[in-house]
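Here is how the chains run, residue by residue.
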Amino acid sequence: MDTLSQLANGFAVALTPMNLAFSFLGVLLGTAIGVLPGLGPALTIALLLPITFKVDATGAFILFAGIYYGAMYGGSTTSILLNTPGESATIVTALEGNKMARRGRGGAALATAAIGSFVAGTIGTLGLTFVAPIVVDFALRFGPAEYFSLMILAFVTVSAVLGNSAIRGLAALFFGIWLGLIGVDLQTGQARFTFGILELLDGINVIVVAVGLFAVGETLYLAARHRYGKDEILPVKDSLWMTREDWGRSWKAWLRGSAMGFPIGALPAGGAEVPTFLSYYLEKKLSKKPEEFGHGAIEGVAGPEAANNASAAGVLVPMLTLGLPTSATAAIMLSAFQSYGINPGPQLLMTQSNLVWGLIASLYIGNVMLLVLNLPLVGLWVRILAIPAPLLYGGILVFATIGTYGISQSPIDLILLYILGGIGFLMRKYDFPTAPVIIGMILGPLAEQEFRRAMTISQGDVTVLVTRPLSLTLLVLAAIALVGPYLYRRLNARR
Amino acid sequence: MQQRSSGAIAVAIGFVIVGLVVAYETSQIALTPLYAKVGPKVFPSLVAGGLILLGLALLWDAWSGRWKAEDADESAPIDWPALGWLGFGLLFNVVLIGVVGFILASTVLFAAVARAFGSVKPARDLAIGFVFAAVAYIGFAKLLGINMGTGLVERFL
């Protein structure tokens, strides 16, 4: 079929020596930062955004995709051996994985996590390969009104549905949208929110916001609260070969986790937390040995790890087909597209066929590399965990300076970085999610653009958003997502 | 019962103030005669309204003590000396990076952060920081061609 021939073409792109090198570099870097607590793929890709001036788009995105997948693998190693989840999506892995490591079964836990990640990553990438063209066919029917409503839905789901508080999630989102509006309005040429500062006319760079919130804010928080270096790294005593029983208990969990992770990741809601938790509870229900849960059950590692990786592939579906980022990492990748002058959306698969299919092919290749990197070489990654906190965070702040100062050699950017770092510290301390800030910042201006287009077409008639059936459906879904959980809790409380 | 947190109330009030500033700045955006169905003020007005409403909701949450911060033990003391060292490193960096250059400014930043995280070997930290910054400079400025400015050490590289 057409998809297969395009995928073959993608492999031809991804298998060139240069792109293979980018993929390898990406998965290597991704695993390393995934292992290190406090560093994530969003921050790393933000720091590497300047390479978009030097490297061609295909190479850059293959590198970014490698980092994205690699961080998922690396994060599970940290969760299992250190009990400090490197990523929010690996919290569940830490539940059972760390217990297994404590009982001397760390090797089996790492193995089922890595092989499960490989199985799920491959299934998820297969899903991406075959679902993306279908979504594109559907999305080609979208007009600006539908796009605007879709973005509203995504805004609600990424901020209000996940996390502990809908209000704090929405607050973070609106703050991000405001940051995105700073600068010259492209349609009318008016300066907005620049406070008379010349440097702000071009807007705030997403690098400054991501690095400020994720690197500076996190460093301030850890230093202030003395939350570092407390956890011991558990040694891996047993062999990395799983027993027959381990295999028997793992493979179904891998498949179930993948089946759950990919669709949920592909929804405009995104996020890996929900499918990992769902998978954990499902495995606990289905397990023949439920009593082992809480003491290191292997299904509790296999299922959520698979769900995590499959949802990571799923997140790429709305990102590549609709230009709709539903995680901080995807939002930063979207801004990389913008810096190449590429508009992600349904046309992307046609106009940038080499780029997109090369990227998808590199995901298959990267998964194989990651399996090799993470099983036999796991000892190497464990050694990274032993870097003392003072040197680690010193290095992180030096990198933060490079990423920021390299934009324009302006101290204004550094001052902004520190202000955002302070805000990130407060957000962390008072339990605000940070991803909605990044998503709002990237998606907010796009939503304004679609809103304006819709209004221009409809001659300023706002009702177009509710008279077009598809747009109305999306808005109704958004409303349900916003008030549904609240009503549900109300009803439950009354009973 | 949950305790009312004065920190959370301060954050909520700060958020309302941000919303008010955004509303004021929105009113200051000049309108051009350029044709635009949706002018440059419409979206900012919505955002300003949202920020103020959410700020008030935050304030209500904080006031009623429903704001469950991740830091349940707010009594846990903040390590002010550590924050002081961090602040010093950041301030030194932003003031002097244009004067002495990225490498030297980063060396001091690195050592100050290490001190904040409990290191007691300043000489070692300065040495590691210098090498780290120099290698990072070569990697980013020379290989990737990112302009990192010049400085006392940079001109010899």
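Just so it is clear, the model here is predicted, and its values are computed rather than measured. (Residues numbered from 1 in each chain as written. Chains lettered and ligands numbered in written order. Predicted model: local features only at pLDDT ≥ 70, side-chain atom pairs only at ≥ 80, totals over all residues.)

Trainee: Help me understand the overall build of chain A, please; the structure alone is not making it clear to me.
Mentor: Tallying secondary structure elements over chain A gives 21 helices and 2 strands in all. In terms of overall dimensions, chain A is globule-like: its C-alpha atoms have a radius of gyration of 22 Å, near the 23 Å expected for 495 residues. Dimensions along the principal axes, computed over C-alpha positions, put chain A at roughly 65 × 60 × 50 Å. Counting only residues that meet the buried cut, chain A has 62% of its 495 residues in that class. Pairs at least 24 residues apart make up 81% of the contacts formed inside chain A by residues separated by at least 6 positions. (Helix = DSSP H or I, 4+ residues; strand = E, 2+ residues; numbered from the N terminus. Rg over C-alpha atoms; globule rule 2.2 N^0.38 Å. Buried ≥ 20, exposed ≤ 12 C-beta atoms within 10 Å, placed from the backbone. Contact = placed C-beta atoms within 7 Å.)

Trainee: Just checking my understanding: could you explain the overall build of chain B for this structure?
Mentor: Across its full length, chain B carries 5 helices and 0 strands. What you see in chain B, going N to C, is helices and strands ordered as α-α-α-α-α. Residues classed as buried in chain B amount to 34% of the 157 residues present. By sequence separation, contacts in chain B at least 24 residues apart represent 64% of the contacts at least 6 residues apart.

Trainee: What is the right way to read the packing of helix α2 (residues 17–35) of chain A against helix α15 (residues 353–374) of chain A from this model?
Mentor: Axis angle and axis distance: for two packed helices, these are the angle between their axes and the distance between the axes, and together they describe the pair. Residue and element names in this part refer to chain A. Following both chains from N to C, one finds α2 and α15 inclined at 50°, their axes separated by 9 Å at the closest point. When the axes of α2 and α15 are compared, the pair comes out oblique. Relative to α15, α2 is oriented so that their crossing is right-handed. Between α2, through Asn19, Ser23, Phe24, Gly26, Val27, Leu28 and Thr31, and α15, the contact on the second element is made entirely by Gly358, Ser362, Ile365, Gly366, Met369, Leu370, Leu373 and Asn374. When its residues are assigned to classes, the contact of α2 with α15 shows 7 nonpolar, 8 polar and no charged. (Axes fitted to C-alpha atoms, helices over the stretch in contact; angles between N-to-C directions. Parallel < 35°, antiparallel > 145°, perpendicular 65-115°, else oblique. Left-handed = near helix turned anticlockwise from the far one by under 90°. Nonpolar A, V, L, I, M, F, W, Y, C, P; charged D, E, K, R; others polar.)

Trainee: What exactly am I supposed to notice about the interface of chain A and chain B here?
Mentor: Where interface size is quoted, it is often the accessible area lost as the parts come together. The interface of chain A with chain B comprises 53 residues on the first partner and 62 residues on the second. Sorting the residues of the side of chain A that touches chain B by element identifies α8 (166–181), α9 (206–225), α17 (389–408), α18 (411–429) and α19 (435–457) of chain A as the ones contributing at least two each. For the side of chain A that touches chain B, the element with the highest residue contribution is α17(A), accounting for 13 residues. Taken together, the residues that form the side of chain A that touches chain B break down as 31 nonpolar, 14 polar and 8 charged.

Trainee: Before we go on, may I ask you to explain the domain arrangement of chain B in this structure?
Mentor: As far as domains go, chain B holds domain 1 (6–63) and domain 2 (80–156). Placing a centre on the C-alpha atoms of domain 1 of chain B and another on those of domain 2 of chain B gives a separation of 37 Å. (Domains from an automatic or database assignment.)

Trainee: Can you walk me through the packing of helix α4 (residues 57–82) of chain A against α15(A) in this structure?
Mentor: Residue and element names in this part refer to chain A. Closest axis-to-axis distance for the α4/α15 pair is 9 Å, and the angle between their directions is 35°. When you trace α4 past α15, the crossing you get is right-handed. Of the residues in α15, those touching α4 at Ala57, Thr58, Phe61, Ile62, Ala65, Gly66, Tyr69, Gly70 and Tyr73 are Asn354, Leu355, Gly358, Leu359, Ser362, Leu363, Gly366, Asn367, Leu370 and Asn374.

Trainee: I keep staring at helix α5 (residues 122–143) of chain B and nothing clicks. Help me out?
Mentor: Residues three or four positions apart in an α-helix share a direction because the helix packs 3.6 residues into each turn. In this model, α5(B) (22 residues) spans 30 Å end to end at C-alpha, consistent with the 32 Å of a helix rising 1.5 Å per residue. Turning to α5(B), its buried residues number three or more, namely Asp125(B), Ile128(B), Gly129(B), Ala133(B), Tyr137(B), Phe140(B) and Ala141(B). Each element contacted by the buried residues of α5(B) is listed here: α17 of chain A together with α4 (102–116) of chain B. With its phi angle positive at about 70°, Gly145(B) sits one or two positions after the end of α5(B). (Expected span 1.5 Å × (residues − 1).)

Trainee: Can you help me understand the nonpolar core in this one?
Mentor: For soluble globular proteins, the rule of thumb is that nonpolar side chains tend to be buried together. Ranked by internal contacts, the top residues of the largest apolar core, which has 213 residues, are Ala46(A), Val209(A), Ala210(A), Val211(A), Ile332(A) and Ile438(A). At 15 residues, α4(A) tops the list of elements feeding residues into this core. Shared between two domains, this core takes at least three residues from each, and those domains are domain 1 (6–63) and domain 2 (80–156) of chain B. Look past the residues within four positions of Val211(A) in its chain and what remains in contact with it is Leu43(A), Ala46(A), Leu47(A), Val216(A), Ala400(A), Gly403(A), Thr404(A) and Leu417(A). (Core = buried A, V, L, I, M, F, W, Y, C linked by C-beta atoms within 7 Å.)

Trainee: Teacher, can you tell me more about unusual backbone geometry here?
Mentor: As a rule of thumb, non-glycine residues mostly have phi less than zero, and peptide bonds are mostly trans rather than cis. All names here are of chain A. Even without being glycine, Phe193 reaches a positive phi, approximately 55°. Residue Phe193 is classed as buried on the basis of its C-beta count, with 21 C-beta atoms lying within 10 Å. In this structure, Asp431 is a non-glycine residue whose phi angle is positive, near 60°. Mapped onto the elements of the fold, Asp431 is located in the loop between α18 and α19. On the neighbour-count criterion, Asp431 (17 C-beta atoms within 10 Å) is partly exposed.

Trainee: What is the right way to look at the confidence of the model for chain A in this model?
Mentor: Where the model shows low pLDDT, its predicted coordinates should not be examined in detail. Overall, the predicted model of chain A reaches an average pLDDT of 88, with 97% of residues at or above 70. Here helix α16 (residues 378–385) of chain A stands out as the least confident element of chain A, with mean pLDDT 83; α8(A) is the most confident, with 94. (pLDDT = per-residue confidence, 0-100.)

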